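Understanding the architecture of this molecule
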Amino acid sequence: MIFNLDDMVKLRRLGVCGILSGTLPTAAQQNMFLSIPLNLMVEETIWLVLNGHAELQLLQGPMAGQVSTVLETRGEELYKVAREKLLKSFDLQRQYKKEQHELKLQKLGIDPTRDDNSANSKLIESSLFVETQNDSLILPYYSQEKLRVDPTMNIMLLNLLVSNYSNWNNYLLYQSLKSQNYVMSPGGRFGGLFIAYPGDPLRYHSHLTIGSALDYYTEPIDFISLTSGARLGTAVKKLWVIGGVKDDKYASSEGDATNAILEMKTPDNLLTKRNNTSFFSIEWAGFG
Amino acid sequence: MESNASDSNDRHTIETLVKENLAYFQYWKEVQLEEKSMPWRGTKLRLVSGIPPNKLSNDDPEVTKEYILPVNMTQYKEEFITLECLDLVFENLCDKNTKRIILGIANSDGTVVFYFIYKGIHKPKKN
């Protein structure tokens, strides 16, 4: 999850859009009105790591526990800091509003000092707002004391991420499409794994719905899912795309599978494997 | 179901069904079974070719000969067409510059549905 607006802008420039997920608990919003934080897909995260735009980090222990300890030990101190910050922001707002008000009066030719200010200041008090921070004040304190992550550990972490939330073939499809300048977002709405835009999602309609990676050699193409994907695609002007990774033979022939995978999935190998994907775009022929 | 007779191995039945559907139901011309064949999982795959009565896609410059790969829907069985198979069909049964073939999927009730398959990533057709 991304909490910092500047980081979001950077990611967007890289064609990594994620999904905004922030909303108010009491007034849940639909996708058009969502805000920070930005949720990234696993594939996007891995792409960022492999291309050197992000690094994986291990945090010590469950964060919730850590935070509660901090609150116990340093709670009062943190409260004071936050309180001071808030008061300061109120002061600045008051000052600003007063200045604006005086300018307005001057424009109208009224002497600002003549007026009784008590009613006004009451109004100002009620119009002050409290800013909700996008990112935590406490968390950066933790990422300071990070554990060193060496290259093998990095691969382990990547593998952990992938085995829990996706698979390497899906990632390779993502990477291949990304290298063709497509921007992906989650494709659940159209029955696929991703949908792909030919550029920024705000400027283009998406062209493609991409199904989950198939095993290139052994997995039969399911015609039911093919027809449903392609028919829906025709209705929403998208092509249904199926794809797979060619040199997959390790994975299906167990045995040293884990070793082979560890060997294969080094960052360099993964980056050079982008040409080994095979895609087919499917569309209803318009008759029959 | 009766149509179990037209098993996935029974290429001839599916090929004939697709061919006749094109000729008599979709009014295609010059529908024929292509000579070239490709061995695949114990059977021989052959394409059906023909000329459609009108342009199939607004992006096509003109009406051209189309190639159809007949397959069985086999809702409850595993079909044997894999990604590798499609690549091989494009490689062995088509010209070098073929961009698409048509998948003719035969259902158990005798109807056939047709889907374009483009090699690689393709742009959606203009409507």
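For the structure given in this document, a descriptive report is provided here. Model, not experiment: these values are computed from the prediction.

So, on to the interface of chain A and chain B. Between chain A and chain B, the residue contacts involve 37 residues of the former and 35 residues of the latter. Buried surface at the junction of chain A and chain B, both sides included, amounts to about 3,100 Å², of which 68% is carbon and sulfur. Sorting the residues of chain A by area buried against chain B places F223, F280 and F287 of chain A first, and these three jointly supply 24% of that buried surface. Across the contact surface, chain A and chain B share zero salt bridges. If you list the elements that add at least two residues to the side of chain A that touches chain B, you get helix 8 (223-235), strand 7 (239-245) and strand 8 (277-284) of chain A. In terms of residue count, the dominant contributor to the side of chain A that touches chain B is strand 8 of chain A (seven residues). Classifying every residue of the side of chain A that touches chain B by side-chain character gives 21 nonpolar, ten polar and six charged. Bridging between strand 8 of chain A and strand 5 (residues 112-119) of chain B involves four bridges; their strand directions are antiparallel.

Residue and element names in this part refer to chain A. In contact at an axis separation of 10 Å, helix 2 (residues 42-50) and helix 6 (residues 151-165) are set at 165 degrees when each is read in the N-to-C sense. Relative to helix 6, the element helix 2 is oriented roughly antiparallel. The interaxial crossing formed by helix 2 with helix 6 has left-handed handedness. The segment helix 2 lies against helix 6, with V42, T45, I46, V49 and L50 engaging N154, L158, L161, V162 and Y165. Looking at side-chain class alone, the contact of helix 2 with helix 6 contains eight nonpolar, two polar and no charged residues.

The subject of this paragraph is the pairing of strand 1 (residues 29-40) of chain B. Residues and elements named next belong to chain B. Pairing of strand 1 with strand 2 (residues 43-51), which is carried by seven bridges, proceeds in the antiparallel orientation. Bridge pairing links P39 to K44 in strand 2. Hairpin connection, strand 1 to strand 2: the antiparallel pair is bridged by two residues, and R41 has positive phi, about 45 degrees.

Reading the values: rules and limits
- Numbers given for residues are sequential positions, taken from 1 along each chain in its written order.
- Chains carry letters and ligands carry numbers; both start at the beginning, A for chains and 1 for ligands, and go up in the order they are written.
- The model is predicted, so local features are restricted to residues of pLDDT at least 70 and side-chain atom pairs to those at 80 or more, both for listing and for counting; the totals for chains, interfaces and linings are taken over all residues.
- Here the side-chain values reflect all heavy atoms present in the structure, with hydrogen atoms and water set aside.
- Residues are treated as being in contact if the distance between any of their heavy atoms lies within 4.5 Å.
- Joining two parts hides part of their accessible area as seen by a 1.4 Å probe, and the buried area is that hidden amount summed over both.
- Salt bridges are defined as contacts in which a side-chain nitrogen from Lys or Arg sits within 4 Å of a carboxyl oxygen from Asp or Glu.
- Numbering goes from the N terminus for both helices and strands, where a helix is a DSSP run of H or I of at least four residues and a strand is a run of E of at least two.
- Amino acids are sorted into nonpolar (Ala, Val, Leu, Ile, Met, Phe, Trp, Tyr, Cys and Pro), charged (Asp, Glu, Lys and Arg) and polar (every other residue, Gly among them).
- Strand pairing follows a simple DSSP-based rule, namely that at least 2 bridges must link the two strands.
- Interaxial angle, 0 to 180 degrees, is taken between N-to-C directions of lines fitted to C-alpha atoms, where a helix line uses only the stretch in contact.
- Here roughly perpendicular refers to angles of 65 to 115 degrees, roughly parallel to angles under 35, roughly antiparallel to angles over 145, and oblique to all remaining angles.
- Each helix crossing is assigned a hand: it is left-handed if the near helix lies turned anticlockwise from the far helix by less than a right angle, otherwise right-handed if that turn is clockwise.

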